[in-house]
There are 2 protein chains.
Amino acid sequence: MIRRTPQQPRERGIPDATVARLPLYLRALNGLAERAVATVSSEDLAVAAGVNSAKLRKDLSHLGSYGTRGVGYDVQYLIYQISRELGLTQDWAVAIVGVGNLGRALANYGGFVSRGFRVAGLLDADPEVVGDHIAGLVVEHSDGLESVIAKRGVSIVVIATPAPAAQAVCDRVIASGVTSILNFAPVVLTVPAGVDVRKVDLSIELQILAFHEQRKVNGGPVMGEEWAGEVS
Amino acid sequence: MIRRTPQQPRERGIPDATVARLPLYLRALNGLAERAVATVSSEDLAVAAGVNSAKLRKDLSHLGSYGTRGVGYDVQYLIYQISRELGLTQDWAVAIVGVGNLGRALANYGGFVSRGFRVAGLLDADPEVVGDHIAGLVVEHSDGLESVIAKRGVSIVVIATPAPAAQAVCDRVIASGVTSILNFAPVVLTVPAGVDVRKVDLSIELQILAFHEQRKVNGGPVMGEEWAGEVS
DNA sequence: TCGACTTTGTGCATTACTTCACAAAGGCAC
DNA sequence: GTGCCTTTGTGAAGTAATGCACAAAGTCGA
């Protein structure tokens, strides 16, 4: 069993669900900071982040005790602590492979640059696209993937290629020593242990919406419609 | 105690976690169908979808008993059942508001069209963009949002505008009777009860990756680095 | 028809996450 | 100081999701 020693409950074990919400809090806090708010209560921050305040407090308590009872949280200080916990106080060199519309959207997305991510390379296999200037960078041919990763210290790769190309890119990237991959291609990537893959499928959320919308309209899947295929 | 109303063949409550995985199974099944696979075991399908097989079986059991013991699941039949459950056997008219790179990527995304979603309108506030031809549609000015929704039976709206514009678009959309919104803008939308909002933040997954990457490198947040701001 | 074999569907134990509710901590007025 | 007020941080209770392990149900060859 590969699990934490029962001895050490104080180990840096932040629940996954909490980690997933920290970026949300960070965004809300940045919004407050822009409006020059100095201090915020868990209640107000929870509203701004769209969660329940008890959950917010418990989440923050996993990072440490950074609030002041009777007052709330210092906005700047909390931004710093969450950023540090997420590793956003350091500079991450990111390469984006696949410069279609999605790759372009990502390259231009302000939310990356403003959070410690630096787009260090844009690569594409299509000669038509190579050479384009996007977000201050020149698109390079994906043949040079390995050298871009090595020379520019890339530690996170974003895959935004068509589905059929994704696994091959993934393999090459891993061979170059990258262990963190963000995959936008609609395929399940096979990777060795120790490599972290996170995926975003743009259509999944839409399908979940359709599920709920359907229930609003008619209380569930259409009944009485029969399957016409062969079941054998 | 499972009480079923005579008209409902089975309990209607499918866990959220299950609903969120159904699109994943559907994608894996479509991949199998393309390769002309007729039947699949929970074990194989689980691998293809990147989940554990017990979980897969439990998820599918919430939809009904569609497998055959000793054999597995009929691929086509299961595709049909999951699609029906998710509401993808009907046609959903979707409008995309905000035609930047992301909006274009979404409009061209095959995963939408192939799953029962029909892009019925592309709208943008920028006169420069209005009139462009994208994915077989002409971009319209967002002034016409209400009329597009009403005339084309739009029931789901995708917001891909810059953050500052999102809430206003959201309000107008809701006023037009839409109750399902997919939000790509990095803001928390305020909506009345009964309206479903799902959000996708392209940078959240990247931040979660950074969190894990940081731990691989140095076992946690950089220590000894002190906060330089004013706390009290 | 039978028996060996495969694979589903699910009860149950476990783990993870959420929410409640309140004592303790600190600020602030006087 | 003292006492009131606000808000945090957290045990404890409640809820949801996961994974194990196996009986039941079905296939298939002989």
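Scroll up for the structure.
One structure accompanies this document, and this report is about it. (Residues numbered from 1 in each chain as written. Chains lettered and ligands numbered in written order. Predicted model: local features only at pLDDT ≥ 70, side-chain atom pairs only at ≥ 80, totals over all residues. Heavy atoms only, no water.)

### Some points on the protein's contact with DNA strand D
We count it as follows: To be near a molecule or strand, a residue needs just one of its heavy atoms within 4 Å of it. Whenever a nitrogen or oxygen atom comes within 3.5 Å of another N or O atom, the pair is scored as a polar contact, on the condition that within protein one atom can donate a hydrogen and the other can accept it, and that pairs from neighbouring residues in sequence are kept only if both atoms are in side chains. Numbering of helices and strands runs from the N terminus; a helix is a DSSP stretch of H or I covering at least four residues, while a strand is a stretch of E covering at least two.
With respect to spatial proximity, 26 residues lie near DNA strand D, and among them A:Ser42, A:Tyr73, B:Arg21, B:Lys58 and B:Arg69 are the closest. A distance of 2.9 Å is found between a phosphate oxygen of DNA strand D and a side-chain nitrogen or oxygen belonging to A:Ser65. B:Arg21 places a side-chain nitrogen or oxygen 2.8 Å from a phosphate oxygen of DNA strand D. Elements supplying a minimum of two residues to the surface near DNA strand D: α3 (53–61), β2 (67–68) and β3 (72–74) of chain A together with α1 (16–34) and α3 (53–61) of chain B. Top contributing element to the surface near DNA strand D by residue count: α3(B), with four residues.

### Things to note about the interface of chain B and chain A
Here is the rule we go by: In this description, contact between two residues means that some pair of their heavy atoms is separated by no more than 4.5 Å. When two parts are brought into contact, each loses some accessible area as probed by a 1.4 Å sphere; the total of that loss over both is the buried area. Criterion for a salt bridge: a side-chain nitrogen of Lys or Arg within 4 Å of a carboxyl oxygen of Asp or Glu. Gly is put with the polar residues, along with every residue not named as nonpolar or charged; the nonpolar set is Ala, Val, Leu, Ile, Met, Phe, Trp, Tyr, Cys and Pro, and the charged set is Asp, Glu, Lys and Arg.
On the chain A side, the residues contacting the 75 residues of chain B number 75 residues. Buried area between chain B and chain A, summed over both chains or domains, comes out near 7200 Å², and the portion from carbon and sulfur atoms is 63%. For the pair chain B and chain A, the interface holds eight salt bridges. A salt bridge links B:Lys216 to A:Asp196; its shortest N-O distance comes to 3.8 Å. On the surface where chain B and chain A come into contact, there are 24 residue pairs in polar contact (both at pLDDT 80 or more). If one sorts the elements of the side of chain B that touches chain A by residue count, helix α9 (residues 204–218) of chain B sits on top with 13 residues. The class makeup of the residues in the side of chain B that touches chain A is 41 nonpolar, 16 polar and 18 charged.

The values are spatial; any link to function lies outside them.
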